[in-house]
Amino acid sequence: MDDLKKTIRDYVVKEYLEDGDDREVREDTPLITGGIVDSFSMVSLKRFLEPQAFDTVNSIAELVRKFTTAV
């Protein structure tokens, strides 16, 4: 697992799994359909990944453009 994936996985485990939750989070673990990340926690995950991306209308539009052109 590369450093970026490890950082994201570690964040998800720390922030979204409660103490005693024995689910393993791997690179291919379904986070939303697996019930680990819900709509409220998705916001904090997005802010963790790209904190400046939601600061202005321009930055939000740029983020949307980036992902829609990548598809």
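Being a predicted model, the structure only gives us computed values, none of them experimental.

1. Brief notes about the nonpolar core
Working step 1: Core analysis: the largest hydrophobic core is formed by eight residues, namely Tyr-11, Val-12, Tyr-16, Leu-17, Val-25, Ile-36, Val-37 and Leu-45.
Working step 2: Among residues more than four places away in sequence, those in contact with Ile-36 are Val-12, Tyr-16, Leu-17, Arg-23, Val-25, Thr-29, Pro-30, Leu-31 and Ser-41.

2. Overview of the pattern of salt bridges
Working step 1: Enumeration according to the criterion identifies eight salt bridges in this entry.
Working step 2: The partner of Glu-15 in a salt bridge is Lys-14, with the nearest N and O atoms 3.5 Å apart.
Working step 3: You can call Lys-14 exposed: its relative accessible area is 63%.
Working step 4: Residue Asp-21 pairs with Arg-23 through a salt bridge whose shortest N-O separation is 2.8 Å.
Working step 5: Among the residues examined, Arg-23 registers a relative accessible area of 35% and is labelled partly exposed.
Working step 6: Through salt bridges with shared partners, a single ionic network connects Lys-6, Arg-9 and Asp-10.

3. Structural notes on the packing of helix α1 (residues 3-16) against helix α2 (residues 39-49)
The angle between the axes and the distance between the axes are what describe a pair of packed helices.
Working step 1: Closest axis-to-axis distance for the α1/α2 pair is 11 Å, and the angle between their directions is 145 degrees. The handedness of the crossing between α1 and α2 comes out as right-handed. Of the residues in α2, those in contact with Thr-7, Ile-8, Tyr-11, Val-12 and Tyr-16 of α1 are Ser-41, Ser-44, Leu-45, Phe-48 and Leu-49.
Working step 2: By residue class, the composition of the contact of α1 with α2 is seven nonpolar, three polar and no charged.

4. A word on the environment of Leu-45
Working step 1: Tracing the backbone through its elements, the reader meets Leu-45 in helix α2.
Working step 2: Discounting residues that sit within four places of it in the chain, Leu-45 has contacts with Tyr-11, Val-12 and Tyr-16.

5. A look at the confidence of the model for the protein
Working step 1: Predicted confidence across the protein gives a mean pLDDT of 88, with 97% of residues reaching 70 or more.
Working step 2: Mean pLDDT values over the elements of the protein span from 81, in helix α3 (residues 57-70), up to 93, in α1.

6. Considerations on the environment of Lys-46
Working step 1: Note on placement: Lys-46 falls in helix α2.
Working step 2: Residue classification places Lys-46 among the partly exposed residues on the basis of a relative accessible area of 40%.
Working step 3: Along the backbone, Lys-46 and Ile-8 are 38 residues apart, and their C-alpha atoms lie at a distance of 11 Å.

Quick notes on the rules
Residues numbered from 1 in each chain as written. Predicted model: local features only at pLDDT ≥ 70, side-chain atom pairs only at ≥ 80, totals over all residues. Heavy atoms only, no water. Core = buried A, V, L, I, M, F, W, Y, C linked by side-chain atoms within 4.5 Å. Buried < 20%, exposed > 50% of the residue type's maximum accessible area, 1.4 Å probe, protein only. Contact = heavy atoms within 4.5 Å. Salt bridge = Lys/Arg side-chain N within 4 Å of Asp/Glu carboxyl O. Axes fitted to C-alpha atoms, helices over the stretch in contact; angles between N-to-C directions. Helix = DSSP H or I, 4+ residues; strand = E, 2+ residues; numbered from the N terminus. Left-handed = near helix turned anticlockwise from the far one by under 90°. Nonpolar A, V, L, I, M, F, W, Y, C, P; charged D, E, K, R; others polar. pLDDT = per-residue confidence, 0-100.

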